[in-house]
Amino acid sequence: MSPGVRDFMEAFYNSIGLFFVLYMLGYASFLFLSVTVGSSTLFGARRRSLLKSELQNEYYIPVSIVVPAHNENVTLVDTVHSLLQLDYRLYEIIVVDDGSTDDTADVLIDAFDLRLVNRPIQRRLRCQPVLAVYESRAHKVPLTLIRKKNGGKADALNMGINASQYPYFMCMDADSVLQRDSLEMLVRPVLEDDTVVAVGGAVRPCNGATIVDGKVEKYRMPRKILPCMQVLEYDRSFLAARILFDKFNGSIIISGAFGLFKKSVVVDAGGYDATTMGENMELVVKLHVFCREHDIPYRIRYATDAICWTQAPERLRDLMKQRRRWHIGLFQCLTRHRRILMNPKYGMVSFISYMYFLLYELLSPYIEVFGVLTIGLAGILDFLNFPFWVLYLGIYIAFSAILSLTAFFARIHTIDLRLTFSDAVKAVLLCALEVSCLRFVLAWVRMTALFGYRKKKMVWGRIERKKISFR
Amino acid sequence: MTGAEMILYAYGAVCVAMLIFNVAYDFFQRGRDERMGKKQEEYLAAIRAELAFFREKGTWEERYFRRLKKTLSRVDNLIAFDRALTDAVGDGTDEASAGYQERLQNLLLELAPVYRKREKMEAAYFAYFLSRHKLEKFRTDDAIQDLMVEYMTEDNLYCRINAMNALYVFGVPEKIVQAVAVLDRTDHVFNEKILTDGLLTYQGDHERLTELFWEKFDDFSMKVQLCILNYVRFRTGTYTERMFGIMQDVSRYKELRISAIRYFGKYVYEPARGPLLEFARDPDPVNWEYAAIATTSLARYRGDDVVSVLMEGLHSPNWYVRYNAAVSLEAQDLDYMDLIEVVGGRDRYAREMMMYRLEFRRMTQEAQGVKG
């Protein structure tokens, strides 16, 4: 190698080194803040509960629960059963069958004795036309099934909002179940502060959980490695990062599996965007934009103690599909609302939330793969100090593992999760594997997600469903 | 070591410390319930011993209450004592139990300044304790109630809610109005439902409370005024004239006037019939909320004039007016099928709406039959 090329490569690697130091320092700082703020907040919440610093009386805000479904004949009946067992009085359930090609609607009609009705529905949000409406008044709360032409999940949610009767609606996935007290917990932030326009709940993988009558009877980490590693991921998100975003009204994502929204604001903002795959995130970002543009005082909250159990994919292929879909949704959302970027009008939402999702979620797979390639190139060009690289890799894995474990152990402050010795051992053993292997596999999946995504618009994500252990 | 490495190590060290704290806390927490149960048993035994002492000697042991005051200044002990007290004295109907609770009141007075200085969550718990065990109700000259009113200025939401709940139990209307006024002057956000539903749990003289609210009505913000109107609507139908005045007063906020319209939907008041019909007939799209709510309120008024307006409402361009008109018509004593033919025959939307209401009524009746 000529001295000129060598000098150039040295300068190149110095720049890359500096970039990665700053990049990783930013990421480490974010994770560090997340887990420390998350743990201390959960600790405070538990103490509040002990000291009766919570709403004691029975306050009920009427809520419409909207469940969009597409080919969900395996799990939908369990989901509706779980909804009928909620410890809440004033709510209705609206299932929207978005042009299923299986017997989703028939299964539901049989299970709950639904009857065909000629119900007029006000079309305040655009969506595909209704094929039929079924209702039942024979259960604890009104139950409605709307069969409509296929239009995607966002379209189905818009239909559910149109049909809803109450001022707040809750969206949830058809493959999820709620704990008995989850709706009550989800509504609390609205009762605490009436400027709240949306509340996200905590989502936990139900693989390994036995839920009886809407209460967790038994919980263990899943037996299979893949869902087990996802538990660690979920904990980092729901017991750490989301709590941090909540502190400064910076939540820009509410899981599609479990979120509460003020209907009037959502309708005024235009409802769900049926042209995006990340409709949940898009809606939340849109609410930030709408409220700030119209000078509406607002809060978007996260309720740590409102729990929804969902199925984590057990096969790598399903997980890859899911993450590909999430990444496309993230890309669509961030590009659609790019005016937020570095815009002082959006305050912390712009400078922290948007920047975090741009740098450490959307661009991270490219940056990570670029990092791996430059290390490979450095090895070929003999620029790599191998022992030093191994040391740094070790520090990276150890640090990430410690952060994952800190988030995982924060579950001791939650009301319902108890830590067992075997689960703790599993977490310790798997956290390094998750950081060093799964993360890179998913980085590759996310990096390639955007190739040819336009062809897949408005398609429901399919992963293998299993019956949820819910009685 | 570079600066970046130092930061990473520092972060790692803090996280490891948190991990250790969490593991240790988990072990501590596992024993906590057991310790709390044990403490509760100890308090229970002590209360029963003191009750026995009183039944035997006819007097209380001062030493016992001095010791109690000392231990109850710790919030964990107060929690255990709360549970024990509920078990030991129940509703306090016998002489000893009632006497014990009375004797306890002095103790609460002494504990109040102690908890006032504590962190807000502990202060909130003390307010919760008071709402459960304070006896001297219906007294206006009470230092503890003044303290609860003071809590309205606290930043901690639950401090305010628990204090308000205590005041509802104490049952002194002047203090409630004073507390609401203090709350209204602060910048603290609160949900109207919390205040309205809370007022409904008030355990004193509702009539006197409502009178006091009316006296100060115009001093409150619109939000509190709305809570008061909603509270009155849920509570009593005796304020028709005042409500009528608010409904007709165009200078009032829309929310207040609509609340008044709802009032006349719950309580039939003949002088309100005319204005309600006018609201319902108003074709101006700007006033659609008045029209929609008035249409609902007319459900309980009988007469051809009402039916005629509701039938007009079925053809309204506003969805809510149409829907509410169909519901209100259903409540009239008419042959609904005939109505569908007469009214709905000309208008597909009206017909659909009425047909659906008919199906809805059948389903509801069937469901009630099954449940009944």
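Per chain, residues are indexed from 1 in the order of the written sequence. Whichever chain is written first is A, and whichever ligand is written first is 1; the rest continue in order. With the structure being a predicted model, the display of local features is reserved for residues of pLDDT at least 70 and the display and counting of side-chain atom pairs for 80 or more, all residues being used for whole-chain, interface and lining totals.

A. Highlighting the overall build of chain A. From N to C terminus, chain A includes 13 helices and 12 strands. Radius of gyration here uses only the C-alpha atoms, and the compact-globule reference equals 2.2 Å multiplied by the residue count raised to the power 0.38. Since a compact globule built from 471 residues should have a radius of gyration of about 23 Å, the 23 Å found for chain A is in line with a globular shape. Referenced to the eigenvectors of the C-alpha coordinate spread, the extents of chain A come out at roughly 80 × 45 × 45 Å. By residue count, 46% of the 471 residues in chain A fall in the buried class. Remark: residues whose backbone-derived C-beta atoms lie within 7 Å of one another are considered to be in contact. The contacts of chain A with a sequence gap of at least 6 include a subset with a gap of at least 24, amounting to 81%. By the criteria applied, helices consist of DSSP H or I runs no shorter than four residues and strands consist of E runs no shorter than two, each listed in order from the N terminus. Around each residue's C-beta, the other C-beta atoms within 10 Å are counted; 20 or more make the residue buried, 12 or fewer make it exposed, and counts in between make it partly exposed. All C-beta atoms are placed from the backbone.

B. Inspection of the overall build of chain B at higher detail. Secondary structure assignment for chain B yields 19 helices and zero strands. Here chain B has a C-alpha radius of gyration of 29 Å; the compact-globule value for 372 residues is 21 Å, and the former is much larger. Across its three principal axes, chain B shows a C-alpha extent of roughly 85 × 75 × 50 Å. Taking all 372 residues of chain B together, the buried fraction comes to 34%. For chain B, restricting intrachain contacts to residue pairs at least 6 apart in sequence, the fraction spanning at least 24 positions comes to 70%.

C. Expanded view of the domain arrangement of chain B. Residue and element names in this part refer to chain B. Parsing chain B into structural domains produces domain 1 (37-117), domain 2 (120-236) and domain 3 (237-364). Note that the domain bounds reflect an automated or database-derived domain assignment. On a C-alpha basis, the centres of domain 1 and domain 2 stand 27 Å from each other. Listed per partner, the contact involves 14 residues of domain 1 and 14 residues of domain 2. Elements supplying a minimum of two residues to the side of domain 1 that touches domain 2: α3 (75-89) and α4 (95-116). Ranked by residue count, the leading element in the side of domain 1 that touches domain 2 is α4, at 10 residues. Across the side of domain 1 that touches domain 2, the residue classes tally to nine nonpolar, two polar and three charged. Residue type decides the class: Asp, Glu, Lys and Arg count as charged, Ala, Val, Leu, Ile, Met, Phe, Trp, Tyr, Cys and Pro as nonpolar, and the leftover types, Gly among them, as polar.

D. Region of the structure containing the interface of chain B and chain A. Listed as interface residues are 43 residues of chain B and, on the opposing side, 43 residues of chain A. Secondary-structure elements contributing two or more residues to the side of chain B that touches chain A are α1 (3-57), α5 (120-133), α7 (157-170), α9 (192-200) and α19 (348-371) of chain B. Top contributing element to the side of chain B that touches chain A by residue count: α1(B), with 15 residues. In terms of residue class, the side of chain B that touches chain A is made up of 29 nonpolar, seven polar and seven charged.

E. Quick look at the environment of H139(A). Residue and element names in this part refer to chain A. Within the secondary structure, H139 is located in the loop between β4 (130-136) and β5 (143-148). Since 16 C-beta atoms lie within 10 Å of it, H139 is described here as partly exposed. Residues H139 and D423 lie 284 residues apart in sequence; the distance between their C-alpha atoms is 39 Å. The contacts of H139, once residues within four sequence positions are left out, are L84 and F112.

F. Layout of the pairing of β4(A). Residues and elements named next belong to chain A. Where strand β3 (residues 115-117) and β4 come together, three bridges link them in antiparallel fashion. Residue pairing across strands places R115 opposite E135, the latter belonging to β4. The hairpin turn running from β4 into β5, its antiparallel successor, is six residues long. What makes two strands pair is DSSP finding at least two bridges between them.

G. Representation of the pairing of strand β8 (residues 196-205) of chain A within the structure. Residue and element names in this part refer to chain A. For β8, the buried fraction is high: 10 of the 10 residues fall into the buried class. Sheet analysis places β8 next to strand β11 (residues 258-262), joined by three bridges and oriented antiparallel. Counted as the bridge partner of G200 is G259 from β11.

H. Examining the packing of α5(B) against α7(B) more closely. All names here are of chain B. Where α5 meets α7, the axes come as close as 8 Å, and the angle between the chain directions of the two elements is 15°. For the element pair α5 / α7, the angle class is roughly parallel. Here α5 runs over α7; the crossing is left-handed. Only Y158, C159, N162, A163, N165, A166 and V169 of α7 make contact with α5, whose side of the interface consists of K120, A123, A124, A127, Y128, L130 and S131. When its residues are assigned to classes, the contact of α5 with α7 shows 10 nonpolar, three polar and one charged. Lines are fitted to the C-alpha atoms to define the axes, a helix being fitted only along its stretch in contact, and any angle between axes, read from their N-to-C directions, falls within 0 to 180 degrees. Angle categories are assigned with fixed cut-offs, so that under 35 degrees is roughly parallel, over 145 is roughly antiparallel, 65 to 115 is roughly perpendicular, and the rest are oblique. Put simply, a crossing is left-handed when the front helix is turned counterclockwise from the back one by less than a right angle, and right-handed when it is turned clockwise.

I. View of α5(B). Helix span, expected: 1.5 Å multiplied by one less than the number of residues in the helix. Between its terminal C-alpha atoms α5(B) stretches 20 Å, which fits the 20 Å expected from 14 residues at 1.5 Å a residue. Of all 14 residues making up α5(B), 11 are buried, and the element is well covered by its neighbours. Among the residues making up α5(B), those that are buried are M121(B), E122(B), A123(B), A124(B), Y125(B), F126(B), A127(B), Y128(B), F129(B), L130(B) and S131(B). Its buried side turned inward, α5(B) meets α1 (3-50) of chain A together with α3, α4, α6 (143-150) and α7 of chain B.

J. Highlighting the sheet that holds β8(A). Residue and element names in this part refer to chain A. Spatially, 10 strands are ordered β3-β4-β5-β2-β1-β6-β11-β8-β12-β7 in an open sheet, and the strand pairing comes out mixed. Edge positions in the sheet fall to β3 and β7 (176-178), since each has one partner strand and no second. Averaged over all pairs of adjacent strands, the angle between their axes in this sheet comes to 30°, without regard to strand direction. In the sheet, strand β1 (residues 63-69) pairs with strand β6 (residues 168-172) via four bridges, with the strands oriented parallel. Bridge pairing links V66 to C171 in β6. The strands touched by helix α6 (residues 225-247) are β8 and β12 (299-310); relative to β8, the strand with the most contacts, the crossing angle is about 155°. Along the sheet face, helix α8 (residues 279-293) touches β8, β11 and β12 and points at about 155° away from the line of β8.

K. The arrangement of unusual backbone geometry in detail. Residue and element names in this part refer to chain A. Non-glycine residue N71 carries a positive phi angle of around 50°. Classification of N71 as partly exposed rests on a count of 18 C-beta atoms within 10 Å. For D382, which is not glycine, the phi dihedral falls at a positive 65°.

L. Spatial organisation of helix α5 (residues 182-192) of chain A. Among the 11 residues of α5(A), 10 are classified as buried, and the element is accordingly described as predominantly covered. Buried within α5(A) are the following residues: S182(A), L183(A), E184(A), M185(A), L186(A), V187(A), R188(A), P189(A), V190(A) and L191(A).

M. A look at the packing of α3(B) against α5(B). All names here are of chain B. Interhelical geometry of α3 versus α5 gives an angle of 15° and a closest axis separation of 11 Å. Judged on the interaxial angle alone, α5 and α3 are roughly parallel. Between α3 and α5 lies a crossing of left-handed hand. Counted together, V75, L78, D82 and L85 of α3 and E122, Y125, F129, R132 and H133 of α5 form the full contact between these two elements. Class assignment of the residues belonging to the contact of α3 with α5 gives a composition of five nonpolar, one polar and three charged.

N. View of the environment of M320(A). Residue and element names in this part refer to chain A. By the element assignment, M320 lies in helix α9 (residues 316-336). What makes M320 partly exposed here is the crowd of 19 C-beta atoms within 10 Å. In sequence terms M320 and D155 are 165 residues apart; their C-alpha atoms lie 24 Å from each other.

O. Seen up close, the confidence of the model for chain B. Confidence scores per residue from the predictor, reported as pLDDT, run from 0 to 100. Averaged over all residues, the pLDDT of chain B is 87; the fraction at 70 or higher stands at 93%. The secondary structure element of chain B with the lowest average pLDDT is helix α18 (residues 336-344) of chain B, at 67, and the one with the highest is helix α13 (residues 254-266) of chain B, at 97.

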